[in-house]
Amino acid sequence: MSRRKKIYEGKAKILYEGPEPGTIVQYFKDDATAFNAQKKDVIEGKGVLNNRLCEHFMLGLAAIGVPTHFIRRLNMREQLVREVEIIPLEVIVRNVAAGSLSQRLGIEEGTQLARPIVEFSYKNDALGDPLVAEEHIIAFNWASQQDLDDIIALALRVNDFMSGVMYGVGIRLIDFKIEIGRIYEGDFHRLVVADEISPDSCRLWDAKTNQKLDKDVFRRDLGSLTDAYSEVARRLGLMPESGKTHPGPKLVN
Ligand code: TMP
């Protein structure tokens, strides 16, 4: 394991060369950062929870025909994924106003949006991941118009899936961020959901109390991040103490 070649280390994950060409091992760290790493901490157990939650969401997406980079979970902290060319965009889908949308436009957090909003940020830490328009994406050749249309369609499918999964366990999906990768097949490429889907990259509010069950707990010092992520995992039937291996979601009234 220690002799594996490290390809990239990000704020929350490390990528290693996979066992076969075209594969990558994605290792989930316990590190939490916010505000472009100005706020940092190590949250014991976060990586294990995110690895398991991410596996659950990626397998669910695959089961409804949404392509992802995910192959299989290897152990508590690692998953095997397809190697992709990451499109340098954060694709954000919002159902309810929160976070930077509320700040930018002065819309109260919690305001239901009339329709989902898809936004793009240019992935560039030095610039603070600035919001960009479709015109920038095309003009700077980060993605073609066809790619963009496909990215929006994928993002909205992920939104419908994740909203439904969360609604089933009494949680509202407020917003989330995904990243999209290209897999080349001859002269063509196809787009897949890559990176991760976890409470680090979503906003999740308890449907009854609006209690935050996502990384805002860390960003805003609202309590224990592992308690929040464990609660999401518990409701989805993913915690070992829930007894069964896969009881499935239970509707919370
Ligand atoms: P925002 O309201 O701060 O723009 O965040 C929108 C969504 O994107 C929210 O679910 C959190 C997620 N997100 C990330 O995954 N990574 C980031 O670096 C940021 C800023 C947000």
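That block above? That's the structure.
Just so it is clear, the structure is predicted and the values come from calculations on it, not from any experiment. (Residues numbered from 1 in each chain as written. Predicted model: local features only at pLDDT ≥ 70, side-chain atom pairs only at ≥ 80, totals over all residues. Heavy atoms only, no water.)

A. Main features of the nonpolar core. Core analysis: the largest hydrophobic core is formed by 52 residues, its most contacted members being Val 158, Met 162, Ile 178, Ile 180, Ile 197 and Leu 236. When residues in this core are grouped by element, the largest group, nine residues, is from helix H4 (residues 145-167). Among residues more than four places away in sequence, those in contact with Ile 180 are Glu 85, Ile 86, Ile 87, Val 91, Ile 151, Leu 154, Leu 191, Val 192, Val 193 and Ala 194. (Core = buried A, V, L, I, M, F, W, Y, C linked by side-chain atoms within 4.5 Å. Buried < 20%, exposed > 50% of the residue type's maximum accessible area, 1.4 Å probe, protein only. Helix = DSSP H or I, 4+ residues; strand = E, 2+ residues; numbered from the N terminus. Contact = heavy atoms within 4.5 Å.)

B. Looking closely at the pattern of salt bridges. Applying the stated rule across the entire model yields 30 salt bridges. Measuring nitrogen to oxygen at the nearest pair gives 2.8 Å for the salt bridge that ties Arg 4 to Glu 78. Within this pair, whereas Arg 4 is found in the segment before strand S1 (6-9), its partner Glu 78 is found in strand S7 (residues 78-82), the two being separated by 74 residues in sequence. Among the residues examined, Arg 4 registers a relative accessible area of 25% and is labelled partly exposed. Among the ionic pairs, Asp 221 bridges to Lys 39, the shortest N-O distance being 2.8 Å. With a gap of 182 residues between them, Asp 221 in the loop between helix H5 (216-219) and helix H6 (225-235) and Lys 39 in strand S5 (residues 39-42) connect regions that are remote in the sequence. (Salt bridge = Lys/Arg side-chain N within 4 Å of Asp/Glu carboxyl O.)

C. View of the packing of helix H1 (residues 46-63) against H6. The N-to-C vectors of H1 and H6 enclose an angle of 25°; their axes lie 10 Å apart at closest approach. Accordingly, the angle class assigned to the pair H1 and H6 is roughly parallel. Every pair of crossing elements has a handedness; the one defined by H1 and H6 is left-handed. Residues Lys 46, Leu 49, Asn 50 and Leu 53 of H1 form the contact with H6, whose own contacting residues are Leu 225, Thr 226, Tyr 229, Ser 230, Val 232 and Ala 233. When grouped by side-chain class, the residues that make up the contact of H1 with H6 number six nonpolar, three polar and one charged. (Axes fitted to C-alpha atoms, helices over the stretch in contact; angles between N-to-C directions. Parallel < 35°, antiparallel > 145°, perpendicular 65-115°, else oblique. Left-handed = near helix turned anticlockwise from the far one by under 90°. Nonpolar A, V, L, I, M, F, W, Y, C, P; charged D, E, K, R; others polar.)

D. Here's a closer look at the site of the ligand. Around the ligand, 14 residues are found, and the nearest of them are Arg 94, Ser 100, Asp 175, Lys 177 and Arg 203. Within the contact set of the ligand, an oxygen atom lies 2.5 Å away from a side-chain nitrogen or oxygen of Ser 100. Within the contact set of the ligand, an oxygen atom lies 2.9 Å away from a side-chain nitrogen or oxygen of Arg 203. About the coverage of the ligand: the protein hides 76% of its 450 Å² of free accessible area. If you list the elements that add at least two residues to the shell around the ligand, you get strand S9 (89-96), helix H2 (99-105), strand S12 (171-185) and strand S14 (202-206). Within the shell around the ligand, the residues separate by chemical class into four nonpolar, three polar and seven charged. (Near = heavy atom within 4 Å. Polar contact = N/O pair within 3.5 Å; in protein donor to acceptor, adjacent residues only side chain to side chain. Areas by Shrake-Rupley, 256 points an atom, 1.4 Å probe, with all protein chains shown as cover.)

E. Highlighting the pairing of S7. The buried fraction of S7 is high, at four of five residues. Bridge count for strand S6 (residues 70-73) against S7 is three bridges, and the pairing is antiparallel. Looking across to S7, one finds that Arg 72 is bridged to Leu 80. Here S6 folds back onto S7, and the loop between the two strands holds four residues. (Pairing = 2+ DSSP bridges.)

F. Representation of the sheet that holds S6. A sheet is described by the order of its strands in space; here five strands give the open sequence S1-S2-S3-S7-S6, paired in antiparallel fashion. Among the strands making up the open sheet, the edge pair consists of S1 and S6. Within the sheet, the average angular offset between the axes of one strand and its neighbour, ignoring direction, is 25°. Those strands touched by H1 are strand S3 (23-28), S6 and S7, and its axis lies near 130° from that of S6.

G. Region of interest: the side chain of Ser 121. Of note, Ser 121 is situated in strand S10 (residues 112-122). Leaving out residues up to four positions away in the same chain, Ser 121 has contacts with Pro 88, Leu 89, Glu 90, Ile 92, Asp 129, Pro 130, Leu 131 and Val 132.

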